[in-house]
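The primary structure of each chain is shown beneath.
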Amino acid sequence: MELFMKSSSLWGLEIYLFCFFIVLSNINKVFASHNIFLDLQSSSAISVKNVHRTSFHFQPPKYWINDPNAPMYYNGVYHLFYQYNPKGSVWGNIVWAHSVSKDLINWIHLEPAIYPSKKFDKYGAWSGSATILPNNKPVILYTGVVDSHDSQVQNYAIPANLSDPFLRKWIKPNNNPLIVPDNSINKTKFRDPTTAWMGQDGLWRIVIGSMRKHRGMALLYRSRDFIKWAKAQHPLHSSPHTGNWECPDFFPVSLKNTNGLDASYRGKNVKYVLKNSLDVNRFDYYTIGMYDTRKDRYIPDNNSIDGCKGLRLDYGNFYASKSFYDPTKNRRIVWGWTNESDVLPDDEIKKGWAGIQAIPRKVWLDHSGKQLIQWPIEELETLRKQKIQLNNKKLSKGEMFEVKGISASQSDIEVSFSFSSLNKAEQFDPNWADLYAQDVCAIKGSTIQGGLGPFGLATLASKNLEEYTPVFFRVFKAQKNYKVLMCSDARRSTMRQNEAMYKPSFAGYVDVDLVDMKKLSLRSLIDNSVVESFGAGGKTCITSRVYPTLAIHDNAHLFVFNNGSETITIETLNAWSMDVPKMH
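Here, residues in each chain are numbered from 1, in the same order as that chain's written sequence. Given that this is a predicted model, residues contribute local features only at a pLDDT of at least 70 and side-chain atom pairs are listed and counted only at 80 or more, while totals for whole chains, interfaces and linings are drawn from all residues. Just so you know, side-chain values use all the structure's heavy atoms and leave hydrogens and water out.

(A) Fine view of the packing of aromatic side chains. Side-chain rings of Phe, Tyr and Trp, where Trp is taken by its six-membered ring, are said to pair if the distance between their centres is within 6.5 Å; with planes under 30 degrees apart they count as stacked, over 60 as edge-to-face, and otherwise as tilted. Applying the stated criterion across every chain, the model contains 31 aromatic pairs. Relative to Trp 335, the ring of Phe 58 lies with its centre 6.3 Å away and its plane at 85°, an arrangement referred to as edge-to-face. Of this pair, Phe 58 sits in the loop between α2 (27-32) and β1 (63-68) while Trp 335 sits in strand β22 (residues 331-338), and the two are 277 residues apart along the sequence. When accessible area is computed with a 1.4 Å probe and restricted to protein chains, residues below 20% of their type maximum are described as buried, those above 50% as exposed, and intermediate ones as partly exposed. The buried category is assigned to Phe 58, whose relative accessible area is 3%. Among the residues examined, Trp 335 registers a relative accessible area of 1% and is labelled buried. Ring geometry for Trp 375 versus Phe 534: centroids 5.9 Å apart, planes at 65°, classification edge-to-face. Of this pair, Trp 375 sits in strand β26 (residues 372-376) while Phe 534 sits in strand β36 (residues 530-535), and the two are 159 residues apart along the sequence. The exposure class assigned to Trp 375 is partly exposed, which follows from its relative accessible area of 22%. On the basis of relative accessible area, Phe 534 is assigned to the buried category, the value being 0%. Here the aromatic cluster, defined as three or more aromatic residues joined through ring pairs, consists of Phe 58, Tyr 82, Tyr 84, Trp 107 and Trp 335. Each helix is a run of DSSP H or I of at least 4 residues and each strand a run of E of at least 2, with the numbering of both proceeding from the N terminus.

Following this line, the structure appears as structure tokens:
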């Protein structure tokens, strides 16, 4: 046992160092999201450039956005609150912007709901969550910054007028702050309260992200009246060598079906998900486990790992996600922020905007119980217009064909690939065992000929392939099974010369058994500067931000390719041009 504990400690340190290495190697990406440019944060846009602006992903008319704060459904209306700079296109002057929708697709932009204005949020109104209390009264919990040293407290806000269907105005009562960190807490690492849930004892509970030394923490607080909160003796969960935990999310998932569950659900046949946004590398990780309601402790399953070697909601540009329960369709929906990858602040100022929200996704537990499944909400399909369909087309080694008849810069593609044999799968190099999937993708890219793969889509491609972003699969033969690598590789996405631009080979492994069912499916949502992809029905998700110079609007092309020696069959391919939702 002692040997195991020492090994675990060393292993944890190794993970932390590995995470730190990733931070250093991707330093432009990591610090782009919250760099503070005091001289630029109030630089108003002269005009808004639409070259790379998305069409069906959520974004306000102009300026900077980041975290989706408190999505909720209330009295027939979906509300999205999000961090927003109303004065410029870089991070700063942050308020809680507010937009509403009847369908999560067409949005009305309202006046911001919360501005920093009181002594308990004078220096910032940061992320939080919404809870619907039993008397059908919504309340927002959010982090307030009280001084120039980023000391943080937790506040609440309530609607000024519940009869207003859009809840346009919110009040910050004078009994704020509700929660002030005690001396055991790092006051600058104490933020982002979750949606509250009620236990069988009638007490409300929330989790707040924090850090002690290098240990990431989900601090637990309890309250009987939602006003007086007490910190639990122990965190809900913590883990060494994971750094600061931001934007925690904690919710139950059903073992029986794909239905979503309210945060306060107390029935049987459930597991729980704890998601954390790791400040050390700006990715969202989660574990699946059990919630001991008697001890108020969350215990991840043995095969569910905290930190940088764990499961990610999205293996690309996706951070600060927040989920909510939608009672109208009995589902849980997760939103995530995807920032810009042309990281120089001048780029954002010239564009007049920065940041988008990923497509809202329905999320549920895979039948294996080992991971989550994510899929774009069904309402997105209302934007589909021109359609093309293809069946039973074979692709031999080196073959490629263009998908025509749709808008390749603004489209939704679903394709199912099959193959007759696994015999040509390449051997998985044992030296790759400690590498991240994106490192393997960088070694084995789409142009490197293989056995079973690479095959997939070449998105946002120029006519002669000077630019393209391939999304593809590659199958390896490992010691005991097959490993499926899914990549979204931005390295050839643009001809633009900018050393600061972040063009990674994003990738993740797909947990799928190919022995009985020799098939792989892929869905990609292409929207001018974003390629959001879902592999194997949503088991692995990758979002890439790309900025082509040639493959823009009508000059963008879409190809399907096979660069492996095993012949691939496209069993079905359905592709649609996407309409532009209504924004008011």
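(B) The sheet that holds strand β7 (residues 137-145), seen in detail. Only strands that DSSP links by at least two bridges are regarded as paired with each other. On the basis of which strands lie adjacent, the open sheet formed by four strands has the order β6-β7-β8-β9 and antiparallel pairing. Of all strands in the sheet, those bounded by a partner on one side alone are β6 (124-133) and β9 (170-171).

(C) Focus on the pairing of strand β37 (residues 540-545). For β37, the buried fraction is high: six of the six residues fall into the buried class. Along β37, one buried face is formed by Thr 540, Ile 542 and Ser 544 and the opposite face, lined by Cys 541, Thr 543 and Arg 545, is buried too. Strand direction decides the pairing type here: β36 and β37, joined by six bridges, are antiparallel. When the bridges of β37 are listed, Val 531 appears paired with Ser 544. Connecting β36 to the next strand, β37, in antiparallel fashion are four residues, including Ala 536 with a positive phi near 55°.

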